[in-house]
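Next come the chains, spelled out residue by residue.
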Amino acid sequence: MHEQHNHHNAHHSDHEHHQEKHHAHSHHDHHEHMIADFKKRFYISLVLALPIILLSDMIQSFFNYSLTFAGDHWVELILASIIFFYGGWPFLTGAVDELKQKSPGMMTLIGFAITVAYVYSAATVLGLEGHDLFWELATLIAIMLLGHWIEMKSVSKASDSMESLVELMPQEATKIDKTGNTEVIPVSELKKGNHVLIKPGEKIPADGIIINGKSSVDESMLTGESVPVEKQVKDEAIGGSINTSGSLTIEVSKTSEEGYLSQVVQLVKEAQESKSKTQKLSDRAAKLLFYVAITAGILTFVIWISLGYGMEEAMTRMVTVLVISCPHALGLAIPLVVARSTYLSAQNGLFIRNRAGFEDARKIDTVVFDKTGTLTKGEFAVTDIISSSNITEKELLQKTASIEAQSEHPIAAGVVASAKKQQINLTTPETFDSITGAGVKAKLEGSWLLAVSPGYMDKNGIPYDKEAFNQLADAGKTVIFVLEEEQFIGMIALADQVKASSKEAVRRLHELGIEAQMLTGDNQTVATGVAKEIGIDHVIAEVLPDQKADQIKQLQANKKRTAMTGDGINDSPALATADLGVAVGAGTDVAMETADVVLVNSDPVDVVSIIELSRSTYRKMIQNLWWAAGYNIIAIPLAAGILAPWGIVLNPAVGAVLMSLSTIMVAFNARLLKNKHA
């Protein structure tokens, strides 16, 4: 069953990116191939099982018909042999693997039951006294193949590659030589000390120090800081961040292998590998049943022999116990619930990438949210306008938006969007210039206007209402000062917009008895303001990405079962470390690659839905296991002959009816799974 992949050694480092991609594809293809393989095995086994069922003595006596011909048992043996070796192969190899790991589970239970049934039935054809169990064997293999096929199909084909992280890095860089000539080279050829030109809108190809130019750099994907960072000579530039306005020249300080993004990749890999492999519920049940079956089988044989019955009778009883103890319903109990919950989650915009993580979500007691893009929209909007006595608020917004319309800055976009919302007409300035690190200036209708930062005001000693400013700043808002002919005429405050559903998400988590925390790279004041508005229990701000994962580990060390929700590259190590990683769909591919569940609708309330659906899925699984095992609890003692002294011995045909009933109950019960808030 296990594919043999041939990995060719790449001779050049520039093949590595291609190899990453190839690995992702081969993993995906391997999964697809396995699904197709189980499907094929199921259909072939099903077709071969039908004549076996029709020829079975037991089925004939049960339905009161007769179908016999010379050598009919040999036909059964041949068909059963094909089903056993072809249909049963995945279970036989799986059983060997489980036994090698000294951890018998579902595969061992199935492998053991089908082997006993096959060997015993073949022996009856070859002369041993007794009834063959070929039809049991055939239906057991067909149903178990169906169960595995359903489960594999419904479990998402998660790619475990770091492909999207690798793709975040630009593939080429513009290198400047000593004479000032430029040449475009692959990023993999960059060395420490090289000078690289980064034009506006380009990604920074490697970590470095700025040696020429000024610009604002968008690091939000990497650090979570919502406002672009003003950069000038001697400042550090991070590979993977985006240069938004001016041209920059950097001196490379770390190559792409040693850079910040590579460290994030490494952190993610380590976290994913160390995530505990939770043993699935059905495996635990199967493990228990395996030991019960073996014990019951041996006891049955010993008791029947010691009571003076012949070897043949004792053998028949033992085999019946062993075969009956592998319930068909158990093979479907979990897969049918899995398929149903996957369907429901997809309907609700939850894309489950890791089943084990999702199934454990029911134990979560602490949900940690990233701020920018998760609880907030990551878009700025005007919250306050304070104008001086000789200008109205509307006029102030009109003038500010007219000059900010020329700027690429997210804050500027927020001012313009707010003006448009109020249907204010903008005027095009005669001239426009940006003041690096301080703001913009423009000539509008004959007078000079400036939209500047608090730093500019203080540096130039321009008086303004400090009390009003402090109140806005304490609430975590970004303030723009507007000057006309060097005179202060007002200020405009903006804040990142909180998503409407964030409050409800936190309220519903509290109802479930779950704590809500915020973990953000943004500054403390902004974070505290947002947390207060939403009702978050605890805030940790100004954390670097590698520290985010450490904070999650800290919570886990305090015995907290944590879910982390985020959307950026900076969240991916924490997403991979948390017990449940939840990526917000509007975020980066990287966050999605490392998460257990992706929220397609980017709605924080969906985090609550995951936990609720996980809890109801688990309840259904337990109910189904009881339905499946309940059959065993009744059937095993009867098959062992516990009521034989009173003349009651389980007729295998009655066992078959009980088995079918428990399978139907399990299927029906799985259909009843619903999402509370669907």
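The rules behind each value
Residues numbered from 1 in each chain as written. Predicted model: local features only at pLDDT ≥ 70, side-chain atom pairs only at ≥ 80, totals over all residues. Heavy atoms only, no water. UniProt positions renumbered as here; feature names shortened; annotations may be inferred. Salt bridge = Lys/Arg side-chain N within 4 Å of Asp/Glu carboxyl O. Helix = DSSP H or I, 4+ residues; strand = E, 2+ residues; numbered from the N terminus. Buried < 20%, exposed > 50% of the residue type's maximum accessible area, 1.4 Å probe, protein only. Pairing = 2+ DSSP bridges. Axes fitted to C-alpha atoms, helices over the stretch in contact; angles between N-to-C directions. Parallel < 35°, antiparallel > 145°, perpendicular 65-115°, else oblique. Contact = heavy atoms within 4.5 Å.

- Where an unreviewed UniProt entry is consulted, the protein chain appears under the name P-type Cu(+) transporter, with the organism given as Oceanobacillus oncorhynchi.
- The record held by UniProt for the protein chain lists under Catalytic activity (unreviewed entry) the comment "Cu(+)(in) + ATP + H2O = Cu(+)(out) + ADP + phosphate + H(+)".
- Within the UniProt record for the protein chain, the comment given under Subcellular location (unreviewed entry) is "Cell membrane".

Some thoughts on the pattern of salt bridges
Line of reasoning, step 1. Scanning the model with the defined rule gives twelve salt bridges in all.
Line of reasoning, step 2. Across the pair R507 and E504 runs a salt bridge whose closest N-O atoms are separated by 3.9 Å. Taken together, the residues R507 and E504, both in helix α19 (residues 502–511) and three residues apart, mark about one turn of the helix.
Line of reasoning, step 3. For R507, a relative accessible area of 44% corresponds to the partly exposed category.
Line of reasoning, step 4. In this structure, K548 and D571 form a salt bridge, with 2.5 Å as the shortest nitrogen-oxygen distance. In this pair, K548 sits in helix α21 (residues 545–557) while D571 sits in the loop between β20 (562–566) and α22 (572–577), placing the two residues 23 residues apart along the sequence.
Line of reasoning, step 5. A relative accessible area of 0% means that D571 is categorised as buried.
Line of reasoning, step 6. Taken together, the shared-partner salt bridges connect E504, R507, R508, E511 and E612 into one network.

Considerations on the UniProt feature "transmembrane region" (unreviewed entry) in the protein chain
Line of reasoning, step 1. According to UniProt, the "transmembrane region" (unreviewed entry) feature falls on residues 42–63, 75–96, 108–127, 133–150, 288–307, 319–339, 625–648 and 654–673.
Line of reasoning, step 2. In residues 133–150, helix accounts for 94% and strand for 0%; the two terminal C-alpha atoms are 26 Å from one another.
Line of reasoning, step 3. Each end of residues 625–648 is marked by a C-alpha atom, and these two atoms are 27 Å apart; helix forms 67% of the span and strand 0%.

Considering the pairing of strand β17 (residues 487–498)
Line of reasoning, step 1. Of all the twelve residues making up β17, nine are buried; the element is thus mostly covered by neighbouring parts of the structure.
Line of reasoning, step 2. Pairing geometry for strand β12 (residues 376–387) and β17, over eight bridges, is antiparallel. In the strand pairing of β17, I386 is matched with M491.
Line of reasoning, step 3. Taking the residues between adjacent antiparallel strands as the criterion, strand β16 (residues 478–484) and β17 are bridged by two residues, where E485 takes a positive phi near 50 degrees.

Topic: the packing of α19 against helix α24 (residues 605–640)
Line of reasoning, step 1. Look at α19 against α24: their axes get within 7 Å of each other, and the N-to-C directions meet at 30 degrees. One finds that α19 runs roughly parallel with respect to α24. On α24, the residues touching E504, A505, R508 and L509 of α19 are V605, V608, S609, I611 and E612.

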